[in-house]
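# Per-entry structural report
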Amino acid sequence: MRASTLFSFAAAVSLAVACNSCYGPSSEVIHERLVRRMQPEAQDATIGPKAPLEWGQLNFMHTTDTHGWLEGHLKEQNYGADWGDFVSFSTHMKHKAGNLAVDLLLVDTGDLHDGNGLSDAALPNGVYSNPIFDEVDYDLLTIGNHELYVSEVAYEQRVLPQQISPDPASVSTFWGEKYVTSNVQIVNPATSQFEYIGKQYRYFKTEHGLRIMAFGVLFDFTGNSNVSKVIKAATLVQQQWFLDAINYPEPIDLFLVIGHNPIRTTDFASTFGLLHNTIRALRPNVPIQAFGGHSHIRDFQVYDDMSTGLESGRYCETLGWVSMSGIKSSSYTGVMKPHGVANPSRLATNTSTSGIVYSRRYLDWNRLTFEYHATGSQASTFDYHSGLRVTGEITDARKELNLASLYGCAPQTWCASCQPFESSGNIFSLVSTALGAVVVNSSRSTIPRIVIVNTGSIRFDLVKGPFTFDDSFIVSPFTDAFQYINVPYALAKNVLNSLNGAPLNDKRNSAGSDWGYVMPQVKDSCMDPIIGFINEEKGELKARGHTRRQTVVTPGYTTKDDFGTDGDDTPHSKIPSYPQLNYVAGNASFPTDGTTPATVDVVFLDFFASTVVSVLNKLGGTYTTANVQYYMPPTYTSQNYLPEYAKKYWQENVPNCPVGQGVGFPSKI
C-alpha cells in the first residue's frame, strides 16, 4: 500500500496488535465493554450483529460512495469505525478466507470524495484522502462520477506517459489492472486523443483458481468536464472489444460487472439491465455477479437464477457482503462448503436449477461489527499495525487540515428527511433561518430580501454537538456564490413556489438527491444523490444511535430487497422518511407593520441563476442574465453561511459541546 507523501505520521502502538500472518478464532459472543476509539472524537456502537456471516466458495466485501468519510462518523455511534479499522478488518477477513480455503474479493465502485473535509479541504479533492483509501487491499475498483466533474481531479485518476511530471501515486497507476473503467476515457494532453483511464476489462484467476472476467461500467453520466468522456452503455455493448471479451477464448467461470451505477434495473440511471442482457445472450450458462453504487442505498436485486447485484449504501455507513457457492469450475482448488462456519443456502429464484446458492448482508460500519466478524469481538487481537498506522495518518491529516476547528455547538440534531419539510427537526428549517440571518449585503441590508438555495446543496444531516470546519464540508460542501435581481414584490413573492414546481437544471439540482425514490422528479434530480432521501423499501435511512444493552434496537437501516428483510447485519428500528421540496428560502428586512415593499432582492445561488430568470419571466417579468449581479462577494459561498450562523448563534457550551444521540431519537435541546 502506498503511503502519503504529503505528511508524516506517527504510528499508534498503545494497544496490543495482531500479527500480520495469523487469524484468531471466531466467536459468536459479544462483550459489552468500552472499545478503543480509533479517532479521538469517535464513539463506538453498543449493539452488535445478529449472527456470523455465511461463507461460501466465493465471497465479496463491497464499498461504494465513500465520499471521503475515511475518518468515520465521529458523532454517530453506529458508524464510528475509521479506515484504519477497515484495514485491520479486511486483513483479518482475507486471512480467514485463506484458512477456510475459499476466495474473498474486495470491490469498490467509486465516488471517493466530495462530502467530507478529509477529501475536500485541500485541492485537488482527494489529495489527502486517496493515499489513505489505497491502504485497503482491493481486488477490483472502478470510477465514480465525482471523479469526473473537475478536470484536475479527473487527471488524478490517470497518469499519461506523455506527461512531463507524472504523479506516481495516481489512481490508475497505483491499482494497475485492478482499476477497470470500461466506458470512461480521458484526453491525453500530448496527443489530444481520448484514452481509457483504467483497463477496459480484467481477466484473472482467484487464489483458488476461479476464472473471472470483470468489467467496470459507469452509468450514462453527462456532467463530466470536457477532458473526459463517458461512453453510453448502449454504445459499449455494441463495441467489438466488449463482445470479444464476453466471448473470451479462455474459460470464464464468472462474469463480475461492477460500476458506479444503480443495481436496481428500474432505476432510470441504471444500465445493469442492458449489460446483464448482453452478457446473458452470449453466455447463457455463466453466472454474473454485479456490484453497483451511486444511488446511496442498500439494495440487492436478482436478475436471473444465476445473476444478482448488490449495492452497499454510502459514506462509510455500510460494508456489503455477498457469498456464493456452486460455481462450476474445472480449475477451482478450494472448498465449496467451508467447514465450521455458516454457508449460503438461498437460491436466486424459487425455480433455479443452477445449483448456485447465495447470501447477502449489509454490515454497519463500526468496530463492534468488525471485531465480531473478524476475531470474536476481542479488541486486544483486532488491530494490525497497518490499521493503527492508517488511523494515525487520518488523525494527523485532520490536524494538518484543521478539520476540528470549532465554529459553535449545534444545540440539536436537524435531519434531512426524518422530519417533515421545515418542521422544527428538519434541517431546512435551520437553513431558512440561517439564510435570513447571515446572508446580507451590508450596502443593501435595509432592502427586503428572499434568499433561495436548492435543498440539494445540503448533503447530510447536522447532528447535535460540535459544528466544525469538517462539518461545513459534510453538511454543505458546494461552493456556489450568491447572486440577485431586484424585482417587484408581486413577482418576488411567487418565485419560491414557482421554483418548486419547475424542472431542476443540473448536477446539483438537488445534489441529485435520492428524492427520486420518494417523490416524482425529472431525471437530473438523481444525478448525484444526497444522504437523506431513501426509498422505504431500499434502506430507510441509516442507523445512528446510542444504546446500552444488546437487546435494545437502535434507529437505523431497515432494508427490504429481493431476498426480503433480513439483510441488515444489525437489526434496527425504522427511521421515517418524508418527501422534501426542491428549494428553500429565508426572508429578512421585510416591513414589520404588515405592509408590502415595492421591490425585493431575490437572492439565489449562481448555478441556477438561469432558472430563476426563466421563472421570473414566466411570472410576467422581462429579465435576462445580464440583470443578474453578485449579492455577496464571489468568495462567499453556500459553504459559508452555516459556519457564520454557528459563530453568531451557537456559542453556548463552547468549547465543550454536548453530543446528541443522533438521527431517529427524540431531540433533547
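Structure shown above.
The structure contained in this document is the topic of the report that follows. (Residues numbered from 1 in each chain as written. Predicted model: local features only at pLDDT ≥ 70, side-chain atom pairs only at ≥ 80, totals over all residues. Heavy atoms only, no water.)

On to the overall build of the protein chain. Check the secondary structure of the protein chain and you find 16 helices and 24 strands. Nonlocal contacts in the protein chain, meaning residues at least 24 apart in sequence, comprise 78% of its contacts between residues at least 6 apart. Here the protein chain displays about 23500 Å² of accessible surface, and carbon together with sulfur accounts for 52% of that area. (Helix = DSSP H or I, 4+ residues; strand = E, 2+ residues; numbered from the N terminus. Contact = heavy atoms within 4.5 Å. Areas by Shrake-Rupley, 256 points an atom, 1.4 Å probe, with all protein chains shown as cover.)

Here we come to the pattern of salt bridges. Applying the stated criterion across every chain yields a total of 25 salt bridges. Arg264 is the partner of Asp299 in a salt bridge, and the nearest nitrogen-oxygen pair spans 2.9 Å. Taken as a pair, Asp299 in strand S11 (residues 298–304) and Arg264 in the loop between strand S9 (254–258) and helix H8 (272–282) lie far apart in primary sequence, 35 residues in all. Residue class for Arg264 comes out buried when judged on its relative accessible area of 15%. A salt bridge links Arg398 to Asp470, with the nearest nitrogen and oxygen atoms 2.8 Å apart. Of this pair, Arg398 sits in helix H10 (residues 385–400) while Asp470 sits in helix H12 (residues 469–475), placing them 72 residues apart in sequence. Of the residues examined, Asp470 reaches a relative accessible area of 2% and is grouped as buried. Via salt bridges that share partners, Glu41, Glu71, Arg398 and Asp470 belong to a single interconnected network. (Salt bridge = Lys/Arg side-chain N within 4 Å of Asp/Glu carboxyl O. Buried < 20%, exposed > 50% of the residue type's maximum accessible area, 1.4 Å probe, protein only.)

Next up on the list: the packing of aromatic side chains. One pass over the full model with this rule turns up 39 aromatic pairs. Seen in terms of ring centroids, Trp69 and Phe460 are 4.9 Å apart; in terms of plane orientation they differ by 50°. Their pairing is tilted. With Trp69 in the loop between strand S1 (58–63) and helix H1 (83–100) and Phe460 in the loop between strand S17 (449–454) and strand S18 (465–468), the pair connects residues that are 391 residues apart, well separated along the chain. The exposure classification of Trp69 matches that of Phe460, with both residues buried. Seen from their ring centres, Tyr489 and Phe590 are 6.4 Å apart, and the 70° between their planes marks the pair as edge-to-face. (Phe/Tyr/Trp six-rings, centres within 6.5 Å; stacked < 30°, edge-to-face > 60°.)

Bringing the sheet that holds S9 into the picture now. Strand order in the open sheet formed by 6 strands is S6-S7-S9-S10-S12-S11, with mixed pairing between adjacent strands. Strands with a single pairing partner mark the edges of an open sheet, and in this sheet they are strand S6 (202–205) and S11. Across the sheet, the axes of successive neighbouring strands diverge by a mean angle of 20°, strand direction being ignored. Note that S6 and strand S7 (residues 211–216) share 4 bridges and pair antiparallel. Each residue of the ladder has a partner; that of Phe204, found in S7, is Ile212. Most of the contacts of H8 go to strand S10 (residues 288–292), to which it runs at about 165°, and overall it touches S7, S9, S10, S11 and strand S12 (307–312). (Pairing = 2+ DSSP bridges. Axes fitted to C-alpha atoms, helices over the stretch in contact; angles between N-to-C directions.)

This part covers the pairing of S11. Burial runs high along S11: 7 of the 7 residues are buried. In this structure, S11 lies alongside S12, joined through 6 bridges in antiparallel fashion. Paired with Val302 across the strands is Thr308, a residue of S12. The antiparallel hairpin formed by S11 and S12 contains 2 residues in its connecting segment.

This part is about the side chain of Ser225. Checked against the element boundaries, Ser225 lands in the loop between S7 and strand S8 (228–230). By relative accessible area, which is 12% here, Ser225 ends up buried. Excluding residues within four positions of it along the chain, Ser225 makes contact with Leu148, Tyr149, Val150 and Ser151.

On to empty space enclosed by the protein. According to the stated counting rule, one finds 3 cavities of 30 Å³ or more in the structure shown. Reported here for the largest cavity is a volume of approximately 60 Å³. Asp108, Gly110, Leu112, Phe133, Asp134, Leu141, Thr142, Glu147, Gln157, Val171, Trp175 and Tyr179 together form the lining of the largest cavity. Here the lining of the largest cavity is composed, by residue class, of 6 nonpolar, 3 polar and 3 charged. The volume enclosed by the second largest cavity comes to roughly 50 Å³. (1 Å grid on protein atoms, 1.4 Å probe; cavity = no way out; pocket = protein on both sides within 12 Å on 5 of 7 lines; lining within 4 Å. Points joined across faces, edges and corners; volume = space filled by probe spheres on them. Nonpolar A, V, L, I, M, F, W, Y, C, P; charged D, E, K, R; others polar.)

Attention now goes to the side chain of Ser312. On the secondary structure map, Ser312 appears in strand S12. Filtering out sequence-adjacent residues up to four positions away, Ser312 remains in contact with His62, Thr64, Ile297, Thr318 and Gly320.

Now for the environment of Gly387. Mapped onto the elements, Gly387 comes out in helix H10. Sequence spacing of Gly387 and Phe89 is 298 residues, and the spatial spacing of their C-alpha atoms is 8.4 Å.

What follows concerns the nonpolar core. By size, the foremost hydrophobic cluster in this structure holds 139 residues, and its most contacted members are Phe60, Trp83, Phe86, Phe89, Val439, Phe482 and Tyr641. Not counting residues up to four positions away in its chain, the partners in contact with Val439 are Ala434, Arg449, Val451, Phe482, Tyr631, Met632, Tyr636 and Tyr641. Among the nonpolar cores identified, the runner-up in size contains 22 residues, and Val237, Ile252, Phe255 and Ala290 belong to it. (Core = buried A, V, L, I, M, F, W, Y, C linked by side-chain atoms within 4.5 Å.)

Within strand S13 (residues 318–325), 8 of the 8 residues are buried, leaving the element largely enclosed by the surrounding structure. On S13, burial covers both faces: Thr318, Gly320, Val322 and Met324 on one face and Leu319, Trp321, Ser323 and Ser325 on the other are all buried. Both S1 and S13 contribute to a ladder of 5 bridges, which runs antiparallel. The residue bridging Leu58 from the neighbouring strand is Met324, located in S13. Pairing between S13 and strand S15 (residues 357–364): 8 bridges, direction antiparallel.

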